[in-house]
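# Structural overview
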Amino acid sequence: MSASRSLEGQVAVVTGAARGVGELLARKLSARGAKVALVGLEPEALKEVSERLHTDSDHWHADVTDHAAMARVAEEVEQRFGKVDVVVANAGVAAGGPFADSDPEAWRRVIEVNLIGGAVTARAFLPVLAQSRGYFLQIASLAAITPAPMMSAYCASKSGVEAFAHCLRAEVGHKGVKVGVGYLSWTDTDMVRGADQDEVMRELRRRLPWPANRTYPLGPAVDRIVAGIERRSPHVYAQWWLRGMQGVRGYLPGIIATVGQREMRRFEPRLTSVSRGLVGAGGAADEKERTLGTERH
């Protein structure tokens with residue numbers, strides 16, 4: 001295990017910082033003395049978060065899938081704070097339901113925000129992280145470790161960002177840049193609460209085996225992420241049991257396929273009622289941003 005280092009005076013960038021994991025992470029990093037740059041789609045919410053932080057902070061309105069916008073943010077953050085030590089690619093959206101009946105645009109957007117957005121964020125900030133010999137943390141999920149029916153876009157995106165981060169670690173380690181992957185199970189955020197508003201998705205999740213069928217409190221999960229940032233860990237587990245999943249992940253696709261067929265047969269008469277769009281307040285903010293962007297053009 002790596003030694004912890006003080007975050008006092010460090011500059012941390014957090015994407016998807018308007019709410020949930022990103023908001024609380026920004027608050028806890030600030031409480032440990034880090035200066036924080038908040039990035040997201042909701043400028044008013046970001047401004048409110050920034051004003052409540054203990055240390056110097058600022059916020060930027062940007063879509064993490066937009067390379068030009070994120071390159072501008074990286075340049076402005078460096079100008080504003082003089083350096084960047086930590087970047088957390090946290091922005092994410094989700095959609096549920098059977099793939100065959102999914103909304104193609106919502107399905108694609110999950111991949112774009114979660115996977116491409118993480119890569120765009122890394123590309124924009126790698127030059128300044130190389131200067132500071134900093135740390136890039138890509139937030140993934142239990143969904144990267146185990147497949148799940150009704151979550152094809154989310155699982156594909158989180159498996160993708162996990163693989164991307166592992167590749168990146170090998171590429172930039174010799175420059176002194178460390179790269180980590182953060183794993184979270186179901187955590188009490190707007191995204192999870194939004195998914196639970198759908199009766200079928202909520203019931204399916206409750207039928208998962210323990211401990212994957214629980215919703216975990218946000219505070220302890222973010223505390224574990226902060227500890228991982230302090231250690232610049234290659235793997236950060238927001239719930240204690242996720243580490244153990246790594247040793248059995250090779251067996252999980254076959255088990256999920258067998259159990260999933262049974263569950264899908266059980267739920268098939270009700271699948272037409274499953275929501276097809278992005279879930280939660282973050283999903284709504286993303287859809288609003290794209291609608292406004294279309295109107296502007």
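Just so we're clear, the structure is a prediction, and the values are computed from it rather than from any experiment. (Residues numbered from 1 in each chain as written. Predicted model: local features only at pLDDT ≥ 70, side-chain atom pairs only at ≥ 80, totals over all residues. Heavy atoms only, no water.)

## Side note on the packing of helix H1 (residues 20–31) against helix H8 (residues 218–231)
How we decide: Think of each axis as a best-fit line through the C-alpha atoms, taken over the contacting stretch in the case of a helix, with angles from 0 to 180 degrees between the N-to-C directions. Counting from the N terminus, the helices are DSSP H or I runs at least four residues long and the strands are E runs at least two residues long. Should an angle fall under 35 degrees it is taken as roughly parallel, and over 145 as roughly antiparallel, whereas 65 to 115 is taken as roughly perpendicular and any remaining angle as oblique. By definition, turning the near helix anticlockwise from the far helix through less than a right angle yields a left-handed crossing, and turning it clockwise yields a right-handed one. Contacts: residue pairs with any heavy atoms within 4.5 Å of one another. Classes in brief: Ala, Val, Leu, Ile, Met, Phe, Trp, Tyr, Cys and Pro nonpolar; Asp, Glu, Lys and Arg charged; the others, Gly included, polar.
It is the contact of H1 with H8, at a shortest axis distance of 10 Å, that shows an interaxial angle of 55°. In terms of orientation, H1 lies oblique with respect to H8. Between H1 and H8 lies a crossing whose hand is right-handed. Residue-level contacts link Gly20, Val21, Leu24, Leu25, Lys28 and Leu29 of H1 to Leu218, Gly219, Val222, Asp223, Ile225, Val226 and Ile229 of H8. Within the contact of H1 with H8, the residues separate by chemical class into nine nonpolar, two polar and two charged.

## Considerations on the pattern of salt bridges
How we decide: The salt bridge definition used is simple: a Lys or Arg side-chain nitrogen within 4 Å of an Asp or Glu carboxyl oxygen. The buried label applies to any residue whose accessible area, calculated with a 1.4 Å probe on protein chains only, is under 20% of its type's maximum; exposed applies above 50%, and partly exposed to all values in between.
If you walk through the whole model with that rule in mind, you get 20 salt bridges. Across the pair Glu23 and Arg52 runs a salt bridge whose closest N-O atoms are separated by 2.7 Å. Of the two residues, Glu23 is situated in helix H1 and Arg52 in the loop between helix H2 (43–51) and strand E3 (57–61); the sequence distance between them amounts to 29 residues. The class for Glu23 is buried, based on a relative accessible area of 16%. The shortest N-O distance in the salt bridge between Arg80 and Asp58 comes to 3.1 Å. Of this pair, Arg80 sits in helix H3 (residues 67–81) while Asp58 sits in strand E3, and the two are 22 residues apart along the sequence.

## Comments concerning the packing of helix H4 (residues 104–132) against helix H5 (residues 152–172)
Between H4 and H5, whose axes approach to 7 Å, the crossing angle comes to 15°. Our classification of the angle between H4 and H5 gives roughly parallel. Of the two possible hands of crossing, H4 and H5 adopt the one that is right-handed. Residue-level contacts link Trp107, Val110, Ile111, Asn114, Leu115, Gly118, Ala119, Ala122 and Leu126 of H4 to Ser152, Ala153, Tyr154, Ala156, Ser157, Lys158, Gly160, Val161, Phe164, Leu168 and Val172 of H5. Looking at the contact of H4 with H5 residue by residue, the classes come out as 14 nonpolar, five polar and one charged.

## Comments concerning the sheet that holds strand E5 (residues 135–139)
Note the threshold: Paired strands are those between which DSSP finds at least two bridges.
Taken in spatial order, the seven strands of this open sheet run E3-E2-E1-E4-E5-E6-E7, and their pairing is parallel. Every other strand in the sheet has two partners, leaving E3 and strand E7 (235–237) as the edge strands with one partner each. Each adjacent strand pair in this sheet contributes to an overall mean axis angle of 20°, direction not counted. Bridge count between strand E2 (residues 35–40) and E3: five bridges; the pairing is parallel. Pairing of Ala37 across the sheet is with Asp58, part of E3. Along the sheet face, H8 touches strand E4 (86–89), E5 and E7 and points at about 150° away from the line of E5.

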